[in-house]
Amino acid sequence: MSQVPAPAPPKDRGLCLPEEDVIFACRLQSRRVVSACASPSLDTSQGHLQYRFGKPGKVEMTLPRAKDDPAWRQTVVAKRLWYSAGGGNYLRFNQPPFSYVVYRAFGARWGEKAGVMVWKNGEMVGQHSCIGAPFSQMGPAFQSRAGLGEDPDEVVLP
């Protein structure tokens, strides 16, 4: 079985540290950045995965707050999206009553969509689209490697 080579690290690492893997990163219209950053050692039993939001040099939000908090595995889920002539992936970072969903998807009729959605008590209360091309390693291979559970909810992209 041949292995698929890992994508080259993006030139723009978003809010991820040099020693971390960039799982998702994009710039938003608000001049903020949204990122999902992981330790290179991330697998089903070790490592960290964090959601970060803010400006370069000034992270405004990090979930989970501590990298060494093993409880993150109960608060982060993933899902693959299926569309006619397209598809996508997302990660949901839960911190009740809020959840933050980073996504990237493609549809034949609407092209590419990527960004972050903010949910509160099951309702979308905010959405920020990426400007420019996002970087993403989200997908079934990453979900399996990290041991992420499947999101039981169905997210409808904006």
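Student: An account of the pattern of salt bridges is requested, with residue identities and associated values reported.
Tutor: Per the stated rule, a full pass over the model turns up seven salt bridges. With its nearest N and O atoms 3.0 Å apart, the salt bridge here joins arginine 32 to glutamate 60. Of the two residues, arginine 32 sits in the loop between strand 1 (21–28) and strand 2 (33–38) while glutamate 60 sits in strand 4 (residues 58–63), which places them 28 residues apart along the sequence. When its relative accessible area of 24% is taken as the criterion, arginine 32 is described as partly exposed. We classify glutamate 60 as partly exposed; its relative accessible area is 39%. In this structure, aspartate 151 engages arginine 92 in a salt bridge whose closest nitrogen and oxygen atoms are separated by 2.7 Å. Of this pair, aspartate 151 sits in the segment after strand 10 (149–150) while arginine 92 sits in strand 6 (residues 86–95), and the two are 59 residues apart along the sequence. Take aspartate 151: its relative accessible area is 2%, and that puts it in the buried class. Among the charged side chains, a network of salt bridges with common partners joins Glu20, Arg52 and Lys67.

Student: Could you give me a rundown of the packing of aromatic side chains, with the residues and numbers involved?
Tutor: Counting across every chain of the model gives four aromatic pairs. Between tyrosine 51 and phenylalanine 93, the ring centres sit 5.6 Å apart and the planes meet at 45°, which makes this aromatic pair tilted. Of this pair, tyrosine 51 sits in strand 3 (residues 49–55) while phenylalanine 93 sits in strand 6, and the two are 42 residues apart along the sequence. Residue tyrosine 51 is classed as buried on the basis of its relative accessible area, which comes to 2%. Judged by relative accessible area, phenylalanine 93 falls into the buried class, the value being 1%. Ring geometry for tyrosine 51 versus tyrosine 100: centroids 5.2 Å apart, planes at 25°, classification stacked.

Analysis parameters
- Residues numbered from 1 in each chain as written.
- Predicted model: local features only at pLDDT ≥ 70, side-chain atom pairs only at ≥ 80, totals over all residues.
- Heavy atoms only, no water.
- Salt bridge = Lys/Arg side-chain N within 4 Å of Asp/Glu carboxyl O.
- Helix = DSSP H or I, 4+ residues; strand = E, 2+ residues; numbered from the N terminus.
- Buried < 20%, exposed > 50% of the residue type's maximum accessible area, 1.4 Å probe, protein only.
- Phe/Tyr/Trp six-rings, centres within 6.5 Å; stacked < 30°, edge-to-face > 60°.

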